[in-house]
Amino acid sequence: MMKDDKDLNLNALTPALEESDLQATRKLQLELTKSKGRKKKYHKVRLSRSVGGDIVLFIILAAFACFSAYPLIFAICNAFKPISEMFIFPPKLFPKNFTFANFIDLLNLIGNSQIPISRYLVNTVWITFAGTVGHVILASLCAYPLAKHDFVGKKVINQIIVYSLMFSSAVTTIPTYMIINWLGLIDTQWAIIIPAFGFTLGLFLMRQFMDVVPKELLEAAKIDGANEFVVFWKVVMPLVKPAWLTLIILLFQSLWGTDGGTYIFSENLKTLNYALSQIVAGGVARTGTAAAVTVIMLILPITVFIINQSKILETMAHSGIK
Amino acid sequence: MISKEEIKEKRKIEKQQKKKDFRKRLKDSRISYAMMAPYLIIFITFTIIPVIMSFLLSFTSFDMLEFPKWIGLDNYVNLFLNDDVFLIALKNTLILAVITGPVSYLMAFVFAWLINELPRKIRWLMTLIFYAPSISGNAYLLWQLLFSSDRYGYINSLLIRIGIIDSPIYWLKTPEYALPILIIVQLWLSLGISFLSFRAGLQTVDNELYEAAAIDGIRNRWQELWFITLPQMKPQLMFGAVMQITTSLGIGAVSISMFGQPSVEYSAHTIVTHLLDFGSTNSTRLEMGYASAIATILFFLMLVSNLLIQKIIRRVGS
C-alpha cells in the first residue's frame, strides 16, 4: 500500500491537472527558479550609479568585511600556533611554525577524562538530531493549515505567532524551568529537545514560505482523491524544501552549541559544548587547546551554511511581515 | 404586521442557525486543527503559559519551595524605588538598545544592499563573511583575547606600538570601557537573520521597476533606494526590525561571559543579567516573584518598542 502512495508525487499529478492548474504550476516553478535566473541579469551597469559613490561605498563594505572576518581568522590561526607563539610581543596574526599540537593536546586531554568524549558527542548529536527533526515535522504540519486552510481562529493564531517573535526567551526562563520540572523532564535530554520543537521563528518562516504554494495545485491533488495528509506530505513538503533547510540550519545552530544549561546534571548526559568548555576553563596553560576547541565548534555551523546559502536566501525572501 | 413575538422567534432561529453553522465550520476544519495540535500544544506549554505565569508571579513573593504569596505591586515598587542596581541595568539596557538597535538595523540593510550589486561569486562570499559571526556559537569569546588586559592582548599591543598608550589598559575591568566594548561585540554579532532577510528581499525586487524608474527621471542611487527599493521591501524591513529590537533589548549572555556576573561596578549589567541574577536556579537568591517582575518589565519593553517601530516603518515611502 505504501508503494502506491509513493507514486502520487508531483510529477504523477501534473498530467491530471487542468490548463489553469498547469499554469499555476509553471508559475510556481518559475518563482522558485527565478532568483537563479535573475542573478545573472542583475549585474548590469545602471544609469543611477556614480563612480565616486561606488568607490566610497565599497571601501566601507571592505572595511566592515575585515572587522567581521578578523576575529574568526584570528581564531583559526591561533589554533595552529605553538603555545610559545601565542605570547610574543608584538603578537602576530599568522602562525610562523604551523602545528597541530593544540589538536593533539585536546585529544590527549579528552582521552584522560573519566567519561569518553564519544559519549558527549553522541549526546550532542542526539539532541541536535531529535530537536531538529521533531521541529521541522511539527512546524510544517502546523504551518500548512495556517497558510492554506480556512478555519475559525486562523487570524488569531497567526497574530499570536507574530507577537511571540517580539520577545526573547529570557522573558520566560523561570516559568519554563518550572514547567519542565512539573513535567518531570529535569535531568533528561528531553528538557532541551521538546522546547526546541516549539521554536517560533521556524514556524513563522515555514508558514510564510507555504503561502506562495498555489491553491490550485492543492485542489487538483484533492480532486484526484488525496486526503489532507497526503497532499501535505506528497505535494507541499517537496515544494517547500528550501524552507526545511532553513529551519534545519537555524535549529542546528542553537542546539549544536547547547551546554545543557540548568536542566542537565548527570555527567553522562552532558553535551560536547559543556565538555569542551570545561577544558577551556583550565586557564592560561590551555589557551592553545581552547583555540582548537573554538575552531571545532565553529566549523560545523559554518559548513552547513556554506552548503545551503542559496536555499536559505530563497526562504528568507518570504520572511516579511505584512 | 409582524408581532414582537414573531420577531423574537425569528431571531432565536437565526441564532441557532448561526450556532449550527459555527459548529459545522469547526467540524469541517477538524483536520486543520488536528494537524496544528501537536505544535500548538508545545507552543502553548513553552511560550504562552510561561508568559502568563511570569505576569502572575510578578505580583507574588515566591522562592520555588513554598506556594507563591500575593503581595500586589510590591515587587514593582521595590524595583523602581529601592533597587539601585535595577536602575543601572535599565539605563544600560536602554543605552545598548538605542545604539545597537538602529545601528545594527542600518548595517544589516546597507550591507545587504551594497552586497546585492556585486558579481555573484563575491556576493556569495561576502554574505558568508558577514553572516558567519552570528552563527559561530560562542566564538565571541575571542574578543576576550583581543581585549585581553596584558601586553599580549592584540588591541593593547597595537596601541602601544602606535604610541597612543604606554602601559596596557585593563579593558574588561574598567567600568568606562564596558559598554563601548559590549556595543562593539554586539554589532559584530548583529548581522544575523534580518541581514539574510534583507539580502533575500533585495533579490526579489523586480528589475523592471528600476528600468522604468530610470526613464521616469530617477537620477541617483539614493532616490532609487527611497522611492523603489524601500517600499518594495517593507515586509522584510518589518521582520528585520522585530529581530533587531528583540536582540538589542535582550543583551545579556555576552555581557555575562565577557564581563562576569556581576560585572565591575555593574558597568555591563543589563535587565537580562539582573533577571538571571535573581531568577536563575543556580543563583543563591531564588527570588522568583521579583525576577518575574523584571521579566514582565522586559516583556512589555520589547513588545511596546516593537509595535511603535512597526507603526513608523509602515509609513516608509508612502
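Please read these numbers as outputs of a predicted model, since none were measured by experiment.

1. A few points about the overall build of chain A
Secondary structure summary: chain A contains 16 helices and 0 strands in total. Counting across all 322 residues of chain A, residues that qualify as buried make up 53%. For chain A, long-range pairs separated by at least 24 residues make up 76% of all intrachain contacts whose partners lie at least 6 apart in sequence.

2. Quick notes on the overall build of chain B
Helix and strand counts for chain B come out as 15 helices and 2 strands. Computed over its C-alpha atoms, the radius of gyration of chain B comes to 27 Å, more than 25% above the 20 Å expected for a compact globule of 318 residues. Among the 318 residues that make up chain B, the fraction classed as buried is 52%. For chain B, restricting intrachain contacts to residue pairs at least 6 apart in sequence, the fraction spanning at least 24 positions comes to 66%. Accessible area of chain B: about 16,000 Å², with a carbon and sulfur share of 64%.

3. Quick word on the packing of aromatic side chains
According to the stated counting rule, one finds 36 aromatic pairs over all chains in the structure shown. With centroids separated by 5.4 Å and ring planes inclined at 35°, the aromatic side chains of F80 of chain A and F103 of chain A adopt a geometry described as tilted. Of this pair, F80 of chain A sits in the loop between α4 (51-79) and α5 (83-86) while F103 of chain A sits in helix α6 (residues 101-112), and the two are 23 residues apart along the sequence. Here the two residues F80 of chain A and F103 of chain A agree in accessibility, since each one is buried. Summarising the aromatic geometry, the rings of F55 of chain B and F59 of chain B are spaced 5.4 Å apart at their centres and angled 90° between planes, so their arrangement reads as edge-to-face. Overall, F55 of chain B belongs to the partly exposed group, its relative accessible area being 37%. By relative accessible area, which is 15% here, F59 of chain B ends up buried. The rings of F64 and F67 of chain A together with F111, F130, W143, F147, W171, Y177, W188 and F195 of chain B are connected pair by pair, giving a single aromatic cluster. The side chain of K270 of chain A reaches across the aromatic face of Y274 of chain A, ending 3.9 Å from its centre.

4. Observations regarding helix α12 (residues 234-249) of chain B
Taking 1.5 Å as the rise per residue, α12 of chain B with 16 residues should run 22 Å; its terminal C-alpha atoms sit 22 Å apart, in good agreement. With respect to burial, α12 of chain B is a largely interior element, 14 of its 16 residues being buried.

5. Let's talk about a nonpolar patch on the surface
Residues and elements named next belong to chain B. Together, I52, F55, L56, F300, V304, L308, I309 and I312 give the surface a local cluster of nonpolar side chains, amounting to about 720 Å² of exposed area. Looking at the nonpolar patch, the elements with two or more residues in it are α2 (30-57) and α15 (288-313). Looking at which element gives the most residues to the nonpolar patch, the answer is α15, with 5 residues. For L56, the location among the structural elements is in helix α2.

6. Description of the nonpolar core
Within the largest apolar cluster, 176 residues are counted, with the highest numbers of intra-cluster contacts made by L201, F204, M210 and V240 of chain A together with F130, F195 and F239 of chain B. Aside from chain neighbours lying at most four places away, what touches F195 of chain B is A108, F111, A112, I115, T127, F130 and Y131 of chain B. In terms of nonpolar packing, the next biggest core, distinct from the first, is built from 19 residues, A275, L276, I279 and A292 of chain A among them.

7. A closer look at the interface of chain A and chain B
Contact with chain A, which involves 103 residues of that partner, is made by 105 residues of chain B. Between chain A and chain B lies a buried interface of about 9,400 Å² when both sides are counted; carbon and sulfur atoms form 75% of it. Where chain A packs against chain B, one counts 1 salt bridge. A salt bridge links D54 of chain A to R221 of chain B; its shortest N-O distance comes to 2.8 Å. There are 13 residue pairs in polar contact (both at pLDDT 80 or more) connecting chain A and chain B. No other element matches α4 of chain A, which puts 17 residues into the side of chain A that touches chain B. Split into classes, the residues belonging to the side of chain A that touches chain B amount to 68 nonpolar, 23 polar and 12 charged.

8. Observations regarding the packing of α4 of chain A against helix α4 (residues 84-115) of chain B
At their nearest, the axes of α4 of chain A and α4 of chain B sit 10 Å apart, and the two run at 115° to each other. Judged by the sense of rotation from one axis to the other, the crossing of α4 of chain A with α4 of chain B is left-handed. Along its contact with α4 of chain A, which presents L57, F58, I60, L61 and F64 of chain A, the element α4 of chain B presents M107, F111, L114 and I115 of chain B. Across the contact of α4 of chain A with α4 of chain B, the residue classes tally to 9 nonpolar, no polar and no charged.

9. Topic: unusual backbone geometry
All names here are of chain B. In this structure, P262 follows Q261 across a cis peptide bond, with omega equal to -5°. Its identity as a non-glycine residue notwithstanding, E265 has a phi of 50°, on the positive side. In this fold, E265 is placed in the loop between α13 (253-259) and α14 (271-279). Judged by its relative accessible area of 61%, E265 falls in the exposed class.

10. Thoughts on the side chain of T176 of chain A
Along the chain, T176 of chain A falls in helix α9 (residues 173-182). When sequence neighbours within four positions are dropped, the list of residues in contact with T176 of chain A reads Y263 of chain A together with F46 and P50 of chain B.

11. Here we look at the pattern of salt bridges
Residue and element names in this part refer to chain A. A full pass over the atoms with the stated rule returns 3 salt bridges over all chains. Note that K222 and E228 form a salt bridge whose closest N and O atoms lie 3.2 Å from each other. With a relative accessible area of 33%, K222 lands in the partly exposed category.

12. Things to note about the environment of V280 of chain A
All names here are of chain A. Its location among the elements puts V280 in helix α15 (residues 272-280). V280 sits 178 residues away from N102 along the chain, and the two C-alpha atoms are 12 Å apart. The residues touching V280, leaving out its near neighbours within four places in the chain, are R286, A290 and V293.

13. Some details on the environment of L145 of chain B
Along the chain, L145 of chain B turns up in helix α6 (residues 142-146). The residues touching L145 of chain B, leaving out its near neighbours within four places in the chain, are F74 and N78 of chain A together with G153 and Y154 of chain B.

14. Some remarks on the side chain of T246 of chain A
Residues and elements named next belong to chain A. Its location among the elements puts T246 in helix α14 (residues 241-256). Of the polar contacts made by the side chain of T246, one reaches the side chain of T315; its length is 2.7 Å. Setting aside residues no more than four positions away along its own chain, T246 makes contact with L205, K311, I312, T315 and M316.

15. Some points on the packing of α4 of chain B against α12 of chain B
When two helices pack together, their arrangement is given by the angle between the helix axes and by the axis-to-axis distance. All names here are of chain B. Look at α4 against α12: their axes get within 8 Å of each other, and the N-to-C directions meet at 145°. α4 and α12 meet at a crossing whose hand is right-handed. Residues T93, A97, T100, G101, S104, Y105 and F109 of α4 form the contact with α12, whose participating residues are L237, G240, A241, Q244, S248 and L249. A class-by-class count of the residues in the contact of α4 with α12 yields 6 nonpolar, 7 polar and no charged.

16. Let's talk about the environment of S157 of chain B
For S157 of chain B, the position within the fold is in helix α7 (residues 154-162). Through-space distance from the C-alpha of S157 of chain B to that of S167 of chain B is 9.3 Å; in sequence the pair is 10 residues apart.

Calculation notes
- Residues numbered from 1 in each chain as written.
- Chains lettered and ligands numbered in written order.
- Predicted model: local features only at pLDDT ≥ 70, side-chain atom pairs only at ≥ 80, totals over all residues.
- Heavy atoms only, no water.
- Helix = DSSP H or I, 4+ residues; strand = E, 2+ residues; numbered from the N terminus.
- Buried < 20%, exposed > 50% of the residue type's maximum accessible area, 1.4 Å probe, protein only.
- Contact = heavy atoms within 4.5 Å.
- Rg over C-alpha atoms; globule rule 2.2 N^0.38 Å.
- Areas by Shrake-Rupley, 256 points an atom, 1.4 Å probe, with all protein chains shown as cover.
- Phe/Tyr/Trp six-rings, centres within 6.5 Å; stacked < 30°, edge-to-face > 60°.
- Lys NZ or Arg CZ within 6 Å of the ring centre and 35° of its normal.
- Expected span 1.5 Å × (residues − 1).
- Patch = residues over 30% accessible without salt bridge, like charges linked within 9 Å, V, L, I, M, F, W, Y side chains within 5 Å.
- Salt bridge = Lys/Arg side-chain N within 4 Å of Asp/Glu carboxyl O.
- Core = buried A, V, L, I, M, F, W, Y, C linked by side-chain atoms within 4.5 Å.
- Buried area = accessible area lost by both parts, 1.4 Å probe.
- Polar contact = N/O pair within 3.5 Å; in protein donor to acceptor, adjacent residues only side chain to side chain.
- Nonpolar A, V, L, I, M, F, W, Y, C, P; charged D, E, K, R; others polar.
- Axes fitted to C-alpha atoms, helices over the stretch in contact; angles between N-to-C directions.
- Left-handed = near helix turned anticlockwise from the far one by under 90°.

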